[in-house]
Amino acid sequence: MRSLQGSRQLIAACHTRQLRRLSRGIFRLAPTPITGAVSNVAISRSSRSQQQSQFPRGFFSSRSRRQKETGAGKGPRVIAPVVLFSGGLLIYSLYPGDELRQTRLARQAKKDLENAKSQSQTEDTAWSSFASSFENFSNVTDIEWATLSDRIVDLILPDWSKALPGQIRKLQRELSVIDGSLANDIWQEAHDPFTHPEIQYSAQVRVSDELCDGEKEFLSRRKKVATAALAKYLGLNEKDIHPDDVPTIAICGSGGGLRALVAGTGSLLATQEDGLFDCVTYTSGVSGSCWLQSLYHSTITDRRFDRLVDHLKSRIGVHIAYPPAAFSSVTTSPTNKLLLSSLVEKLKGDPKADFGLVDVYGILLAARLLVPKGELGINEKDFKLSNQREYIKYGQNPLPIYTAVRHEIPEIVGQVAKSGLGGTERAKEIAKQEAWFQWFELTPYEFFCEEFNAGIPTWALGRRFNDGKDVPAEGKDFHLPELRMPIMMGIFGSAFCATLSHYYREIRPLVKSLTGFATLDEMIYGYNEDLEKVHPIDPAQIPNFTYNMEGKLRFTTPTTIYNNEYIQLMDAGMSNNLPIYPLLRPGRDVDVIVAFDASADVKTDNWLSVADGYARQRGVKGWPIGVGWPKGTDSAKKIERQLDAAQADSAADADARMQQAQQSQNNHQPQHDSNVVHDPAEQSDKAKHDIAHPEDSELGYCTIWVGSTEERSSEPPPPPRQALTDDTLPWQLTEPSAGITVVYLPFLANPKVAGVNPAESEYMSTWNFVYTPDQVDKVVALARANYAEGQQQIRRTVRAVYERKKKLRKDQNNAAKRERYRRLVRLGIADKLGEGDHFS
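Predicted, not measured: the structure shown is a model, and the values here were computed from it.

1. Section: the overall build of the chain
Then, number 1: Summing up its helical and strand segments, the chain has 29 helices and 14 strands in all.
Then, number 2: Per-residue burial over the chain gives 50% buried out of 840 residues.
Then, number 3: Nonlocal contacts in the chain, meaning residues at least 24 apart in sequence, comprise 78% of its contacts between residues at least 6 apart.
Then, number 4: Total accessible area on the chain stands at roughly 41400 Å², and carbon and sulfur atoms take up 53% of it.

2. Regarding the environment of Glu217
Then, number 1: Within the fold, Glu217 resides in helix H10 (residues 213-234).
Then, number 2: You can call Glu217 partly exposed: its relative accessible area is 41%.
Then, number 3: Taking the C-alpha atoms as reference points, Glu217 and Gly395, separated by 178 residues in sequence, lie 8.9 Å from one another.

3. Structural notes on helix H29 (residues 773-826)
Then, number 1: Helix length check: H29 (54 residues) gives 75 Å between terminal C-alpha atoms against 80 Å at 1.5 Å per residue, within 8%.
Then, number 2: Gly790 marks the point of greatest bend in H29, at about 50°.
Then, number 3: Residue Gly828 follows H29 closely and has a positive phi angle near 75°.

4. Quick look at the environment of Ser708
Then, number 1: Mapped onto the secondary structure, Ser708 falls in strand E13 (residues 703-708).
Then, number 2: Under the relative-accessibility criterion, Ser708 is labelled partly exposed at 23%.
Then, number 3: Counting along the chain gives 33 residues from Ser708 to Thr741, while the straight-line C-alpha distance between them is 9.4 Å.

5. Side note on the packing of aromatic side chains
Then, number 1: Throughout the structure, instances matching the rule amount to 16 aromatic pairs.
Then, number 2: Taking the centre distance of 5.8 Å and the plane angle of 85° together, the rings of Trp187 and Phe478 count as edge-to-face. Here Phe478 lies in the loop between strand E9 (469-471) and helix H19 (485-492) and Trp187 lies in helix H9 (residues 182-189), a separation of 291 residues in the sequence. Note on accessibility: Trp187 and Phe478 belong to one class, buried.
Then, number 3: Each ring, one from Tyr402 and one from Phe492, has its centre 5.3 Å from the other, and the planes form 15°; the classification is stacked. With Tyr402 in strand E4 (residues 399-406) and Phe492 in helix H19, this pair connects stretches of sequence that are 90 residues apart.
Then, number 4: A relative accessible area of 0% means that Tyr402 is categorised as buried.
Then, number 5: Pairwise contacts between aromatic rings join Phe440, Phe447, Phe452 and Phe545 into one cluster.
Then, number 6: The cationic tip of Arg585 hangs over the ring face of Phe448; the distance from NZ or CZ to the ring centre is 3.9 Å.

6. Focus: the side chain of Ser181
Then, number 1: The residue Ser181 is located in the loop between helix H8 (164-174) and H9 in this model.
Then, number 2: Looking at Ser181, the relative accessible area reads 3%, which means it is buried.
Then, number 3: At 2.4 Å, the side chain of Ser181 and the backbone oxygen of Ser176 are in polar contact.

7. What to know about helix H11 (residues 257-274)
Then, number 1: Compared with the 26 Å implied by 1.5 Å per residue over 18 residues, the 26 Å span of H11 between its first and last C-alpha is a close match.
Then, number 2: Following H11 by one or two positions, Gly275 has its phi on the positive side, about 100°.

8. Topic: the nonpolar core
Then, number 1: Core analysis: the largest hydrophobic core is formed by 182 residues, its most contacted members being Trp291 and Trp623.
Then, number 2: A total of 12 residues in this core trace back to one element, the largest contributor, which is H29.

9. Quick notes on the confidence of the model for the chain
Then, number 1: Put simply, the chain has an average pLDDT of 76, and 63% of its residues get 70 or more.
Then, number 2: Below a pLDDT of 50 lies the segment residues 632-655, which in the model reaches 33 contacts outside its immediate sequence neighbourhood of four places, other chains included.
Then, number 3: Ignoring residues within four places in sequence, the model shows residues 834-840, a span with pLDDT below 50, making one contact including any to other chains.

10. Digging into the packing of H11 against helix H13 (residues 305-315)
Two numbers describe a pair of packed helices, the interaxial angle and the distance between the axes.
Then, number 1: Running from N to C, H11 and H13 cross one another at 155°; their axes reach a closest spacing of 9 Å. By the angle between their directions, the pair H11 and H13 is classed as roughly antiparallel. As H11 runs across H13, the sense of the crossing is left-handed. Residues Leu261, Val262, Thr265, Leu268, Leu269 and Gln272 of H11 form the contact with H13, whose own contacting residues are Phe305, Asp306, Leu308, Val309 and Leu312.
Then, number 2: Its residues assigned to classes, the contact of H11 with H13 shows eight nonpolar, two polar and one charged.

11. With respect to a nonpolar patch on the surface
Then, number 1: On the surface, Trp160, Val318 and Tyr322 cluster together to form a nonpolar patch covering roughly 240 Å² of accessible area.
Then, number 2: Tracing the backbone shows Trp160 in the loop between helix H7 (150-156) and H8.

12. Focus on the pairing of strand E5 (residues 438-442)
Then, number 1: Of all five residues in E5, five are buried; the element is thus mostly enclosed.
Then, number 2: Burial of E5 is two-sided: the residues Gln438, Phe440 and Leu442 facing one way and the residues Trp439 and Glu441 facing the other way are all buried.
Then, number 3: Where E4 and E5 come together, five bridges link them in antiparallel fashion. Directly across from Thr403, in E5, lies its bridge partner Glu441.
Then, number 4: Judged from the two bridges that link them, E5 and strand E6 (residues 446-449) form a sheet pairing that is antiparallel. Across the sheet, Glu441 pairs through a bridge with Phe448, a residue of E6.
Then, number 5: Between E5 and the antiparallel strand that follows it, E6, lie three residues.

Criteria and thresholds
- Residues numbered from 1 in each chain as written.
- Predicted model: local features only at pLDDT ≥ 70, side-chain atom pairs only at ≥ 80, totals over all residues.
- Heavy atoms only, no water.
- Helix = DSSP H or I, 4+ residues; strand = E, 2+ residues; numbered from the N terminus.
- Buried < 20%, exposed > 50% of the residue type's maximum accessible area, 1.4 Å probe, protein only.
- Contact = heavy atoms within 4.5 Å.
- Areas by Shrake-Rupley, 256 points an atom, 1.4 Å probe, with all protein chains shown as cover.
- Expected span 1.5 Å × (residues − 1).
- Bend = angle between axes of the 7 residues up to and from the residue.
- Phe/Tyr/Trp six-rings, centres within 6.5 Å; stacked < 30°, edge-to-face > 60°.
- Lys NZ or Arg CZ within 6 Å of the ring centre and 35° of its normal.
- Polar contact = N/O pair within 3.5 Å; in protein donor to acceptor, adjacent residues only side chain to side chain.
- Core = buried A, V, L, I, M, F, W, Y, C linked by side-chain atoms within 4.5 Å.
- pLDDT = per-residue confidence, 0-100.
- Axes fitted to C-alpha atoms, helices over the stretch in contact; angles between N-to-C directions.
- Parallel < 35°, antiparallel > 145°, perpendicular 65-115°, else oblique.
- Left-handed = near helix turned anticlockwise from the far one by under 90°.
- Nonpolar A, V, L, I, M, F, W, Y, C, P; charged D, E, K, R; others polar.
- Patch = residues over 30% accessible without salt bridge, like charges linked within 9 Å, V, L, I, M, F, W, Y side chains within 5 Å.
- Salt bridge = Lys/Arg side-chain N within 4 Å of Asp/Glu carboxyl O.
- Pairing = 2+ DSSP bridges.

As structure tokens, this is what we get:
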């Protein structure tokens with residue numbers, strides 16, 4: 001009996017210990033109920049030990065021994081899943097699933113970030129700073145969004161906003177350099193020479209005032225193509241056209257955001273249909289016209305402007321910053337990799353790189369413009385500007401020229417004080433040298449600045465340079481891939497990086513029109529020189545290829561640029577909204593410039609007049625003096641002074657005068673006589689009236705000027721070149737002394753196209769980024785109608801320039817023949833009378 005009671009006590013104690021362990025969370029042992037009956041017969045010592053062996057083993061017993069003792073297939077009944085399931089229900093009732101999911105994602109992201117930080121903890125690079133900032137932003141977004149209840153979100157926010165935290169977190173994970181992330185794949189591919197052939201080659205700064213070899217070869221091939229196109233355009237026999245007689249024609253498009261892009265597409269479509277575009281050698285663009293060039297030279301359009309119109313109708317109906325579309329582009333394949341490559345390569349490859357608002361803006365632009373409808377047709381070739389060489393290498397298309405300007409104002413006074421070079425006068429002198437916009441041009445062959453007479457290959461854009469040679473990234477032989485088009489598109493169109501002076505100029509007419517604000521306007525405008533040196537939004541930053549090249553560049557190069565590892569570039573429209581300056585570069589020898597001006601206010605800004613002043617100061621031979629919208633304030637005396645100032649006695653003098661011309665561009669508005677009062681409000685109203693009613697304005701749909709190459713004399717002073725009429729057009733263009741011909745086509749309202757007015761239609765604002773398909777069709781129709789107004793004038797102009805060049809060539813050949821004949825006569829070789837002397 002005692003043995004039976006002892007057995008019962010032992011069983012009870014064992015069962016109690018198992019329940020206690022289970023309550024403490026130890027679930028590895030599952031107790032089994034005791035089902036066997038206890039015999040009333042006394043149990044012997046041997047039978048008691050046999051019954052004890054049937055009890056389950058304790059917690060520390062091995063699994064194999066427990067299985068051996070319990071037998072295969074006779075395991076204990078498990079109650080742990082029941083406990084786990086009950087506990088899970090309790091936890092789920094207390095904490096919703098979204099919070100658990102967000103916590104799990106945040107924990108995983110934090111772990112990934114710590115791993116990434118541990119890999120780059122040795123140095124604080126641009127990429128680590130960006131990754132850390134983006135991680136903090138993602139965490140803040142999660143926390144702030146979690147504080148909003150679903151009811152508040154449903155009431156005040158759109159439905160797509162609910163997905164923002166998840167999209168931001170997804171983008172953050174893709175931009176963390178961990179195994180399997182998109183950023184890691186991009187950076188690994190950046191080292192692949194098959195994907196990026198340019199990384200195998202080093203680059204050097206080319207210092208020269210001549211065109212690069214690639215452009216020279218293009219010109220020789222384009223001449224042959226243009227000869228055949230000119231014969232077709234003018235209705236001539238190609239065999240009768242000498243290549244030297246073919247005029248070099250250039251088309252330039254103005255800035256103006258999407259308005260310039262859409263209107264420019266319509267204008268160039270009209271030239272392509274007319275046959276003029278095939279005769280063109282150069283195209284140059286500012287802002288939206290740069291976007292136009294990048295789309296034309298892409299796989300999206302196949303070099304057809306009608307396809308470009310269809311592309312715009314399908315892509316610009318959604319705002320570039322619309323979150324669902326923007327996040328979809330940068331977080332889903334196949335677009336995310338190509339759009340984010342520029343960011344990853346820039347920040348990972350350069351420890352000191354900067355990533356700002358302009359770069360984000362460029363990625364958003366590319367997501368709309370460089371991605372075709374359906375997104376599956378996106379092509380990697382469209383994301384490098386140097387790849388456009390494929391479309392011009394045989395001269396089959398015009399050479400595109402993209403533009404940007406530099407406008408950095410250093411702390412002059414502090415620098416002068418440290419250097420011990422004097423006081424404020426010296427500071428003002430240096431400030432003048434830094435206070436103009438320096439133009440940079442970018443072609444598929446070269447990134448060049450004429451003010452420096454220096455440039456680098458386009459495929460080397462984005463690399464750091466030192467003393468004229470590129471600096472390999474990571475301290476090895478690895479060179480960075482070319483800077484991608486999204487970054488460049490942001491630079492081309494970054495008009496929002498304007499100075500405070502530009503911003504105030506936009507609202508000044510409104511301020512002056514308000515009663516009692518005239519004094520305030522005078523006070524603000526009195527600080528205009530200071531406002532011109534402040535950029536509220538920083539321009540984009542790229543490496544400076546002239547770093548540490550002091551003494552090796554043109555003397556007009558600003559002295560402070562040699563000490564800066566980086567330069568800041570912005571929209572060239574800050575200086576001039578018509579990219580005419582690159583077309584005047586020596587060696588390009590442009591004969592005819594066709595300017596399509598789709599600026600916001602074509603008359604008030606009067607960009608041709610700005611180019612006119614630059615050409616006068618620089619002494620460009622053959623430029624038509626007085627080009628632009630007529631101004632009654634330009635007297636003959638003033639023009640004579642400007643012509644005298646443009647005369648140069650030597651190359652150094654010409655360079656110095658060019659430097660003065662650049663300084664005069666600091667304020668891009670045309671200069672007016674100080675004795676004449678101009679009311680900005682009245683001026684703006686009249687300009688809008690002229691745009692809406694071209695019949696009442698001084699200039700119409702197509703205006704033509706021609707310059708002169710004659711040597712200037714002091715008396716009498718040459719008058720401004722008047723716009724050519726149908727009567728004067730033929731003989732003035734065929735004069736032997738005729739110079740550069742400018743054909744100006746402003747974007748004006750046309751009664752033949754109803755319902756669209758550039759001065760009044762709200763969607764034509766420079767800051768509008770949404771055009772419906774119907775609006776695109778209307779703008780394109782207006783541009784084509786305006787071109788049709790001057791179509792025959794342009795054809796007669798090209799024919800006259802061709803005839804003039806042909807006559808000049810023949811006259812030069814005849815003169816050369818006569819000179820050779822006279823030489824032979826003097827040598828006694830030609831016209832011999834016989835074997836006797838000269839008296840025979």
